[in-house]
Amino acid sequence: MHGDDMVPSGYRRRSILKSLLLGSAACGSGLLSMTLDPQCAEACSRILWKNSLGTYVGRGEDWFSDAPTDLWVLPRGMERAGAVADNPYKWTSQYGSLVVVMDDHVSMSGMNERGFSAHVLWLSDTKVAPRDPKLPAISISQWMQWYLDSFATVKEAAEASRNLPFQIRMAMDHNGTKGLFHIAVEDVSGDSAIFEMIDGEMKIYHDRRYVVMTNEPTYDQQLKVVSQYVGFGGDKPLPGTSEPSDRLVRGAYYATNLPDPANEREAVASLLSVMRNVGIPYESPSAHRQSTHPEATPALTRTIFRLIMNLDERVVFFDRVLSPTVFWVRLDGFDFKKGAEVKKLPTNGNDLAYDATGKFKPAKMFTFISGTEDTLGGP
């Protein structure tokens, strides 16, 4: 599905939109080893901003607690197999990557050495197809890593996704929380695509003009939401709550109005300012209620960290809410050649500052959550 007809009229209301790409990504995968109703994960924001300096990505991670989150360095040439019981799909990583991993279970956001980046996004409508044992398969927890391992551009990823070489299987943690998400990818050129698995069918939205995204609802409906507001073809005023649709519109509005940066410092500061606007206060009433009463639904989460990615220079800036400083890592400082060590950098309780590229330590590769035969989405 290419979908040129899905771009709202009035969307490109200023010339700056010619170089703007933004969106919102679901935080986490719902695959953490903790009891959690999936509705509580419906938050988080990601903005991709194309400006005169290059392509920058901002991502805010919203979760109901300060979940263990680590940065991992994965080299080229790693042999992988689908985390399924029968007929696993096998592949070898063509590109090394820096990935954000929550609870040592699933890569949820990352960038490879070619400046191609990807993010898992919460989507409760996710539903995989019934199992065909004749086809190889992977766990949905591995889906995003396959993109980072395999592609340098969005065009390549979109073409491969039109005829996937494997089936995707649902995965869930030991508490039965399912991995319900779609995936957003982007590259240095500012190209973008969104992949959704709906009723067992792959839905592909590939167009650099698809500039806004949040975790809910499905992407075709998200475009309709934005088109209702002033500045994007509609007459509704700018909304102010922490609901996904409201963050979607605010992110689009503020990122559209960002001035072109003079340098990287300005670019990072500008994008962080928008990420903070669409974030959720750490101790908001709804967040506190969810922390103390996890059985309560629906509930909003809290922003626990933000990422800013400079795709051109291959730099990732990390801003953890409970830490007083921002740190960054440079992909050109890592050894991605085949046979190089897998490395890890914990971020929880680790007050890092400035360039932390040299602080990664060798680690045993994390294990993806296994796929099941379950095809259903929802709780």
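Look up: the structure comes first, before these words.
Draft legend 1. Region of the structure containing the overall build of the chain. Each helix and strand in the chain was counted, giving six helices and 19 strands. In the chain, buried positions account for 59% of the 379 residues. In the chain, once contacts between residues fewer than 6 apart in sequence are set aside, the share between residues at least 24 apart is 72%. Accessible area for the chain stands at about 14300 Å²; split by element, carbon and sulfur atoms hold 51% of it.

Draft legend 2. Examining the nonpolar core more closely. Core analysis: the largest hydrophobic core is formed by 69 residues, its most contacted members being Leu98, Trp143, Trp146, Tyr147, Ile183, Val185 and Phe195. If you look at the next biggest cluster of nonpolar residues, it comprises 14 residues, including Tyr56, Ala255, Leu271 and Met275.

Draft legend 3. Local environment of the sheet that holds strand E12 (residues 192-198). Reading across from one edge, E13-E12-E11-E8-E7-E6-E3-E17-E19 is the order of the nine strands in this open sheet, with antiparallel pairing throughout. Looking at strand neighbours, the two that pair on one side only are strand E13 (201-206) and strand E19 (361-362), the edges of this open sheet. Sheet topology places strand E17 (residues 343-346) next to E19; two bridges connect them, and they run antiparallel. Its bridge partner lying in E19, Lys343 is registered against Pro362. Packed onto the sheet, helix H1 (residues 143-150) meets strand E3 (69-74), strand E6 (97-102), strand E7 (106-112), strand E8 (117-122), strand E11 (181-186), E12 and E13 and runs at close to 20 degrees relative to E7.

Draft legend 4. View of the environment of Pro165. By the secondary structure assignment, Pro165 is in the loop between helix H2 (154-161) and strand E10 (167-169). The class of Pro165 is partly exposed, set by a relative accessible area of 34%. Along the primary structure Pro165 and Lys90 are separated by 75 residues, whereas in three dimensions their C-alpha atoms are 9.9 Å apart. When neighbours within four sequence positions are excluded, Pro165 is seen to be in contact with Tyr89, Pro136 and Trp146.

Draft legend 5. Main features of the environment of Pro239. Secondary-structure assignment places Pro239 in the loop between helix H3 (219-226) and helix H4 (244-256). Given a relative accessible area of 12%, Pro239 falls into the buried group. For the pair Pro239 and Val249, spaced ten residues apart in the sequence, the C-alpha separation amounts to 7.2 Å. Each residue touching Pro239, except ones within four places of it in the same chain, is listed here: Tyr229, Asp246, Val249 and Arg250.

Draft legend 6. Summary view of the pattern of salt bridges. With the rule as written, the count across this model stands at nine salt bridges. Lys344 is paired through a salt bridge with Asp70; the nearest N and O atoms lie 3.6 Å apart. Here Lys344, found in strand E17, pairs with Asp70, found in strand E3; they are 274 residues apart in sequence, far enough to count as distant. The same class applies to Lys344 as to Asp70, namely buried. Between Lys337 and Asp335 there is a salt bridge; the shortest N-O distance is 2.6 Å. Here the salt bridges do not stand alone but share partners, grouping Asp70, Asp104 and Lys344 into one network.

Scoring rules and cut-offs
Residues numbered from 1 in each chain as written. Predicted model: local features only at pLDDT ≥ 70, side-chain atom pairs only at ≥ 80, totals over all residues. Heavy atoms only, no water. Helix = DSSP H or I, 4+ residues; strand = E, 2+ residues; numbered from the N terminus. Buried < 20%, exposed > 50% of the residue type's maximum accessible area, 1.4 Å probe, protein only. Contact = heavy atoms within 4.5 Å. Areas by Shrake-Rupley, 256 points an atom, 1.4 Å probe, with all protein chains shown as cover. Core = buried A, V, L, I, M, F, W, Y, C linked by side-chain atoms within 4.5 Å. Pairing = 2+ DSSP bridges. Axes fitted to C-alpha atoms, helices over the stretch in contact; angles between N-to-C directions. Salt bridge = Lys/Arg side-chain N within 4 Å of Asp/Glu carboxyl O.

Geometric descriptors of this kind do not, in isolation, establish any biological role.
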